[in-house]
Amino acid sequence: MSERWLALMVAAVWIGAVLGRAAWSAQSTAAPAPVTIEPVLSIAVGVMMLMLALTWRRPGIVVVAVGLLALGRSGVAEQRYQAVSVGSHSGWVRLVTDPEPGRFGTIAEAALADGRRVSVSAGFDQPGLASLQAGESVHVTGRLRSIDPTEWARSRHLTGRLSIDELGASRDVRWWERPAQGLRAVVNSGADQLPTRWRALYTGLVIGDDRFQSKGQQARFRAVGLSHLLAVSGQNVAFVLAVAEPLVNRRGWWSRRLATVLALVVFAMATRLEPSVLRATGTALTSVVALSSGARASGVRALALAATALVLIDPFLVSSVGFRLSLAASAGILLVGPLIEERLPGAGSSTGGWWRTPLTVTLGAQAGVTPLLVSLFGPVALVSIPANLLAGWAAGLVMTWGLTAGVLAGVLGRLVGDGLAGVLQWPAVAAMWWIDTVASVALRMPSPMIGGGASLVAMLALAAAWFVGPALRPARWACLAAGGVMLAVTVPRQPTSPVDLEGGGRFWPAANKGGAGSAAQVDDGSIVSVLVVSAGADDRLVDALVERRLLSIDVVVLESGNRTMSSLTTELTDVATVGLVLAPPLHRVVGGRRVQSATDLRVGGGVLVIRPVSKERLEVATAAPP
């Protein structure tokens, strides 16, 4: 099949999966419901048409057949998607994700005895859940609750929530999962040789395990378009193949292919089979199989075949944001990347590949994912392009190092101690410092935002300048100027009036005249910027500050001073420069100043009156300026 027919095949399988859900999405009750005949007939007809199409070599019939298969598979999946029965529960569950810290304890995803997946949570009084790993089974007693069948829940196959009251005995992973667990163990052992602040970033880059990455660092990476580095993708898989090649190169032809497939499967299982991992691994496996059979193995063909197969296997993948972003980025690299490379200076020459290839990959991936990101999450910072160019090579170094020298460091750490093992990890530490520095600097740079009408006009003007010929040089300069002006309009401005922030915060800017104060000047009547954090605030406040680029705050006022506020304050100071933290008299916030009596803070346009209403709470009121 030509690449055009392959693109139509991907579109057909995607449309079939969406239509199948729309046609049979009513089955979501706890009572078992049989699969109706309609989706089964669709699958049967699709299989027969596919066999005929392959026999007659008719690509058009293949496209229709695949669409019917996706329609039927999606219908069957929808009818089997049944919510759990609400009530008490006692029995074995098998973890399908690694436990991670939540706001009120530990959370994970697990499969019940009947195979249905649920979201699992255990409070701080049940710390045993945090010590388990994906693949292990544990006997639990708790209560099952319903869950909203959102797009995210369906993409994760979640049918309910299980609140654990008591943990019992546990069982180890199944035998065929042990190689993946072993790989994960040696990578984590290598991470143990690193300074504490770099361990979560290291495991995120090498095996996609970013569970313990600080909220502040997560917010910085998301804001500048670097969070994809912590999701296992085609780059990780390419490094796995590069590392595995010397180990299997001396074997026979079929042995090399089998060893390569096994390496990919083990790595995919070690990274917990996330949607982006499935896309990357599926594409690589398709290429390996194609090479083994002597067929064409272009990137577009491999991506199209892998995407089609994965959606047919699991139609709920069309609801997965991670899968869609991974697919869009790969399509952008393969389809848009070559068009960009043709227009770059020195195209076709043997020199300059050191900068053209990274730029082409970055621009192609951004072109693929930006429309999806804008539609799902809002405007995207243009600074993500230089940030990716600067951080990409370092991320690749950490990925490769973690699967080679990092593994050796983990083994040496167990045998001879941490001294020599820690030295082996110095290059990884240097690379991660660079990545984190790039994220921090990029976050504080004024950056145009792509997503609104002005940015669309700017992109059209810049595209016109790109394709205008040399004979129309004045028109090119005019388009460049217009695009630059429109991009400048999209740069976020600091607020001039109080703004409410998602997550439980309200920000008062300092007045323009007189400038902002500092921690040392709060008591002398200077006009300052103030962030008031409500008693019920949560981690979304960190993302809101980063999104609005409110990265310099003179005073943070905490209405409550409990442990949650202490953790949140640490996260705030991880993304913003904070001068002073005011907290209740009996607070638990490290570095916080106790407010024993009413205190006034001058902000732009008024005065904030902070007074303690109890030993654990502060009250904030506004007053007219004196």
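The following refers to the structure shown. (Residues numbered from 1 in each chain as written. Predicted model: local features only at pLDDT ≥ 70, side-chain atom pairs only at ≥ 80, totals over all residues. Heavy atoms only, no water.)

## Remarks on the packing of helix α7 (residues 215-223) against helix α21 (residues 563-575)
Between two packed helices, both the angle of their axes relative to each other and the distance between the axes serve to describe the pair.
(1) Moving on: The interhelical angle for the contact between α7 and α21, taken along N-to-C directions, is 35°, at an axis separation of 8 Å. For α7 against α21, the interelement crossing comes out right-handed. Residues Lys-215, Gly-216, Gln-217, Ala-219 and Arg-220 of α7 pack against Glu-571, Asp-574 and Val-575 of α21.
(2) Moving on: Grouping the amino acids of the contact of α7 with α21 by side-chain chemistry returns two nonpolar, two polar and four charged. (Axes fitted to C-alpha atoms, helices over the stretch in contact; angles between N-to-C directions. Helix = DSSP H or I, 4+ residues; strand = E, 2+ residues; numbered from the N terminus. Left-handed = near helix turned anticlockwise from the far one by under 90°. Contact = heavy atoms within 4.5 Å. Nonpolar A, V, L, I, M, F, W, Y, C, P; charged D, E, K, R; others polar.)

## Examining the side chain of Thr-569
(1) Moving on: Mapping Thr-569 onto the fold places it in helix α21.
(2) Moving on: Among the residues examined, Thr-569 registers a relative accessible area of 6% and is labelled buried.
(3) Moving on: For Thr-569, the side chain forms a polar contact with the main-chain oxygen of Met-565, separated by 2.7 Å.
(4) Moving on: Those residues within four positions of Thr-569 in sequence are excluded, and the remaining contacts are Leu-558, Val-581 and Val-589. (Buried < 20%, exposed > 50% of the residue type's maximum accessible area, 1.4 Å probe, protein only. Polar contact = N/O pair within 3.5 Å; in protein donor to acceptor, adjacent residues only side chain to side chain.)

## A short note on the sheet that holds strand β10 (residues 505-508)
(1) Moving on: Strand order in this open sheet of six strands is β9-β10-β11-β12-β13-β14, and the pairing throughout is mixed. Each of the sheet's edge strands pairs with one partner strand only, and the pair in question is β9 (499-501) and β14 (593-594).
(2) Moving on: Packing of helix α20 (residues 540-547) onto the sheet brings it into contact with β9, β10, β11 (530-533) and β12 (552-558), and relative to β9 it is tilted by some 135°. (Pairing = 2+ DSSP bridges.)

## Concerning the nonpolar core
(1) Moving on: Tyr-202, Leu-205, Leu-226, Met-432, Leu-501, Leu-531 and Val-533 are the most contacted members of the largest nonpolar core, which totals 64 residues.
(2) Moving on: Of the residues forming this core, the biggest block, nine residues, is contributed by helix α17 (residues 426-443).
(3) Moving on: The residues touching Met-432, leaving out its near neighbours within four places in the chain, are Leu-194, Trp-198, Leu-201, Tyr-202, Leu-205 and Val-398.
(4) Moving on: In this structure, Ala-53, Val-66, Leu-303 and Leu-317 belong to the second largest nonpolar core, which totals 22 residues. (Core = buried A, V, L, I, M, F, W, Y, C linked by side-chain atoms within 4.5 Å.)

## Here's the deal with the sheet that holds strand β16 (residues 606-612)
(1) Moving on: With antiparallel pairing, the three strands of this open sheet are ordered in space as β15-β16-β17. Where the open sheet ends on each side, the last strands, each with one partner, are β15 (599-603) and β17 (618-623). For this sheet, the mean inter-axis angle between neighbouring strands, taken without regard to orientation, is 25°.
(2) Moving on: Across six bridges, the pairing between β16 and β17 is antiparallel. Paired with Ile-610 across the bridge in β17 is Val-620.

## Topic: the pattern of salt bridges
Opposite charge on two side chains permits them to pair, given that their charged atoms come into close proximity.
(1) Moving on: Applying the stated rule across the entire model yields 19 salt bridges.
(2) Moving on: Between Asp-98 and Arg-184 there is a salt bridge; the shortest N-O distance is 2.9 Å. With a gap of 86 residues between them, Asp-98 in the loop between β1 (87-95) and β2 (100-101) and Arg-184 in helix α5 (residues 178-191) connect regions that are remote in the sequence.
(3) Moving on: In this structure Asp-98 comes out as buried when scored by relative accessible area, which is 5%.
(4) Moving on: Note on Arg-184: relative accessible area 3%, which makes it buried.
(5) Moving on: Residue Asp-209 pairs with Arg-211 through a salt bridge whose shortest N-O separation is 2.7 Å.
(6) Moving on: Where salt bridges share partners, they join Asp-98, Arg-184, Asp-209, Arg-211 and Arg-272 into one cluster. (Salt bridge = Lys/Arg side-chain N within 4 Å of Asp/Glu carboxyl O.)

That's the geometry; what it means functionally is another story.
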